[in-house]
Amino acid sequence: MARLLVLRSAPYHRASLSAAATATSSRSAFFPRLARRHLSSPLRVPVRAVESSSEATKQEEAPLAAGEAQEPLPAAPAFVVEELGWGTQLAVKLKMLVAPPWKRVRKGSVLTMTLRGEISDQLKTRFSSGLSLPQICENFEKAAYDPRISGIYLHIEPLSCGWGKAEEIRRHIVDFKKSGKFVVGYMPVGGEKEYYLASACAELYAPPSAYVALYGLTIQQTFLRGVLEKVGVQPEIQRIGRYKSAGDQLGRKSMSNEVKEMLGALLDNIYGNWLDTVSSTHGKKKEEIEEFVNSGVYQVERLKKEGWITDLLYDDQVMTMLKERVGQNDKKSLRMVDYSKYSRVRKSTLGIGGGGDLIAVIRASGSITRTRSGLSVSSSGIIAEQLIKKIRTVRESEKYKAVILRIDSPGGDALASDLMWREIRLLAESKPVVASMSDVAASGGYYMAMAAPVIVAEKLTLTGSIGVITGKFILQKLYERIDFNKEILSRGRYAELNAADQRPLRPDEAELFEKSAQNAYASFRDKAAMSRSMSIDQMETVAQGRVWSGQDAASRGLVDSLGGFSQALAIAKQRAKIPQDKKVRLVEISKASPTLPEILSGIGGSVLGVDRVVKGVLQDVTSLNGVQARMDGILFERLENMPGENQLFLLVKEITNYFG
């Protein structure tokens, strides 16, 4: 059987939707069959009945009951600091006295956290490298209550996360300041996204030689059609959806008007939100902030002069200042506790562990596969068969009052997405389920979310992408160039559809090729319409392969509420009829446990410098079977961190060098 080469985007959680951004696919993979369709699916609004395209769909996939009409909740803060009762305070002191050495924190300590690089939406084990968003956020909350912590010192450096996670962290910085403790930021290198976080700190310092560039945002998309033609490769691309840009890098030589419109709208959302937030922080007009950025800001002295940063100090000078602030008069270094150690301090030690009612938290992060491959570790993507077991465990248990499904995924295997969609719908029949979107919940990730009766997204979450792309490569000219011959014997009219790459498609094959893609699109669109209680025509207006920001998706009925995890929790409590002021205990169902492969993988990554992105590529390549429900080939990442050449370009270059 011929091998089908299709370029697809790197999972968005590994990229960064940040200041200077690029909309380029960064990886390629060999797809072994023609049925390589990048499909996208949307969400669900519990509003009205739906007209389905088939009676079977009406009977088997009827919309979930909307339940009681409830007033929408206002935006929830990340957390609220409340005064603990004297009994709780006494219990906290006793727990701190008997805490094991690895959980002890000296009184008057400063919590230090370095926010840099990739930030996962999953909980990390002690053997995992990198940062975890839930652990970062929990550290802010714990530090606000912890009498041993005087304040927080944040090092903010180039980030590889999306704007959804940045918004969640910023929300926690803002709420931490309400505790009365200080939060000081230090930013030696950064752009718009890093400053977005740093500006929330009460004080912000940078070294005199800091690299802080605030130039605005850009999106780039590269095209390889011309390069492929030069090496004798003819891509056969069938794109369903006017805005579906997956495959454009292979099938086009320039950006379509529809894709320009879509990317322009996303860019407007991101830039507009940044301007609004920064102008509000500085108490200035939006136009003033934009004028300052357009003046070309590269001199860190200007940032100090204009009040964008507090002062120019080196790291040691800031720590000396903090020593004085916390009243540390000895000659020793500043008393600090780092992110890793403080993450091991339990909330229950501080008297904020939660009440009797249990709410399950199921986290689903990364690319979606149906089964576990040989390259998988416990934290590598969403493995449907494993997640389904966890969903069923929660559904069969009566102890959980509600469920929060936390999604950070650009999609993956469509069959796997559909199987999880079914299980989530069954779960929602037994208890309240709220989907909470992180950086991205598009295509297969969106498919999962639409099974929940309520969906919460950040304003800049990437979601939607309801479209289909299918394709194969015709290698006839390349084969002729390298004097390679391929002959096929077949039985059946369309038997060679997936195998023949040495010739163009016949007219009847091309017709079937297109009908197959159209059928896949209609199937996903109709199921999305049913799940969101929309008519087919209504869903069609927001489909067509378009990627939406969370705020635009909300205005079009694809998302129910804007906010972070705390907003999802508030809605889950409301649906479970738990008073908002009553504490609950969150149970992490997807909490990772250290396994031997993960330990070895972590050691290899540390000692040998193995790039986790490469590990992800290897896993994705081995798991790409059947229909794919993946987000478009749109990646947003910092220009200074952007790889010079993507994987497909390297492949083409190698072919040219070898046979040229």
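Reading guide: rules and limits
- Residues numbered from 1 in each chain as written.
- Predicted model: local features only at pLDDT ≥ 70, side-chain atom pairs only at ≥ 80, totals over all residues.
- Heavy atoms only, no water.
- Buried < 20%, exposed > 50% of the residue type's maximum accessible area, 1.4 Å probe, protein only.
- Helix = DSSP H or I, 4+ residues; strand = E, 2+ residues; numbered from the N terminus.
- Pairing = 2+ DSSP bridges.
- Axes fitted to C-alpha atoms, helices over the stretch in contact; angles between N-to-C directions.
- Parallel < 35°, antiparallel > 145°, perpendicular 65-115°, else oblique.
- Left-handed = near helix turned anticlockwise from the far one by under 90°.
- Contact = heavy atoms within 4.5 Å.
- Nonpolar A, V, L, I, M, F, W, Y, C, P; charged D, E, K, R; others polar.
- Salt bridge = Lys/Arg side-chain N within 4 Å of Asp/Glu carboxyl O.
- Patch = residues over 30% accessible without salt bridge, like charges linked within 9 Å, V, L, I, M, F, W, Y side chains within 5 Å.
- Areas by Shrake-Rupley, 256 points an atom, 1.4 Å probe, with all protein chains shown as cover.
- Lys, Arg positive; Asp, Glu negative; His and termini not counted.
- Charge placed at Lys NZ, Arg CZ, Asp CG, Glu CD.
- Right-handed = clockwise from strand over helix to strand, strands pointing away.
- Phe/Tyr/Trp six-rings, centres within 6.5 Å; stacked < 30°, edge-to-face > 60°.
- UniProt positions renumbered as here; feature names shortened; annotations may be inferred.

## Looking at the pairing of strand β20 (residues 433-442)
So, step 1. For β20, the buried fraction is high: 10 of the 10 residues fall into the buried class.
So, step 2. Bridge count for β20 against strand β22 (residues 462-464) is 3 bridges, and the pairing is parallel. From the neighbouring strand, V440 faces β22, where its bridge partner is L462.

## Comments concerning the packing of helix α14 (residues 414-430) against helix α17 (residues 507-531)
So, step 1. For the pair α14 and α17, interaxial distance at closest approach is 13 Å and the crossing angle is 20°. Here α17 runs roughly parallel to α14, going by the angle between their axes. Taken as a pair, α14 and α17 cross one another with a handedness that is left-handed. For the pair α14 and α17, the contacting residues are A414, D418, W421 and R425 in the first and F524, K527, M530 and S531 in the second.
So, step 2. Class assignment of the residues belonging to the contact of α14 with α17 gives a composition of 4 nonpolar, 1 polar and 3 charged.

## Considering the side chain of Q567
So, step 1. Considering the arrangement of structural elements, one finds Q567 in helix α20 (residues 565-575).
So, step 2. Non-local contacts of Q567, meaning those with residues more than four positions away in its chain, are made with L73, P74, A75, A76, V456, S561 and L562.

## Details of the pattern of salt bridges
So, step 1. The tally for this structure, following the rule as stated, stands at 31 salt bridges.
So, step 2. The shortest N-O distance in the salt bridge between E168 and R171 comes to 3.2 Å. Placement of the pair is E168 and R171 together in helix α4 (residues 163-177), with a separation of 3 residues, close to one helical turn. Each of the two residues, E168 as well as R171, counts as buried.
So, step 3. Ionic pairing is found between E509 and R506, a salt bridge with its closest N-O pair at 3.3 Å.
So, step 4. Salt bridges sharing common partners tie together D121, E168, R171, R363, R406, E458 and E588.

## A look at a negative patch on the surface
So, step 1. Negative charge collects at one region of the surface, where E287, E288, E290 and E291 lie side by side.
So, step 2. Its location among the elements puts E287 in helix α9 (residues 286-294).
So, step 3. E287 sits in the exposed class, given a relative accessible area of 55%.

## Quick notes on a nonpolar patch on the surface
So, step 1. On the surface, a nonpolar cluster with roughly 640 Å² of combined accessible area is contributed by W86, L90, L94, L97 and V98.
So, step 2. Looking at where W86 falls in the secondary structure, it is placed in helix α2 (residues 86-97).

## Digging into the pairing of strand β8 (residues 182-186)
So, step 1. In terms of residue burial, β8 counts as a mostly covered element, since 5 of its 5 residues are buried.
So, step 2. Burial along β8 is two-sided: the face carrying F182, V184 and Y186 and the face carrying V183 and G185 are both buried.
So, step 3. Pairing of strand β7 (residues 149-159) with β8 involves 5 bridges; the strand directions are parallel. Among the inter-strand pairings, I152 is bridged to a residue of β8, identified as V183.
So, step 4. The parallel pair β7 and β8 is bridged by α4, and the resulting crossover is right-handed.

## Quick notes on the packing of aromatic side chains
In this description, an aromatic ring pair is defined by two values, namely the gap between the centres and the angle between the planes.
So, step 1. For the coordinates displayed, the defined rule picks out 9 aromatic pairs.
So, step 2. On the numbers, 6.2 Å between centres and 65° between planes, the contact of F140 with F176 is edge-to-face. With F140 in helix α3 (residues 133-145) and F176 in helix α4, this residue pair connects regions lying 36 residues apart in the sequence. The exposure classification of F140 matches that of F176, with both residues buried.

## Details of the side chain of N273
So, step 1. Tracing the backbone shows N273 in helix α8 (residues 257-282).
So, step 2. Excluding its chain neighbours within four sequence positions, the residues that come into contact with N273 are E167, Y196, K459 and L460.

## Digging into the UniProt feature "active site" (unreviewed entry) in the protein chain
So, step 1. In the numbering used here, UniProt assigns the "active site" (unreviewed entry) feature to K244 and S443.
So, step 2. Along the polypeptide, S443 turns up in the loop between β20 and α15 (444-449).

## Here we look at the sheet that holds strand β10 (residues 203-206)
So, step 1. If you walk across this open sheet you meet the 6 strands as β13-β10-β8-β7-β4-β14, and the pairing is parallel. The open sheet has two free edges, formed respectively by β13 (311-312) and β14 (336-338), since each of these has just one partner strand.
So, step 2. Looking at chain direction, strand β4 (residues 109-117) and β14 are connected through 3 bridges and run parallel. Across the sheet, T112 pairs through a bridge with D338, a residue of β14.
So, step 3. Of the strands in this sheet, β4 and β7 touch α3, which is tilted by about 160° from β4.
So, step 4. Sitting on the sheet, α4 touches β4, β7 and β8, and the angle it makes with β8 is about 140°.

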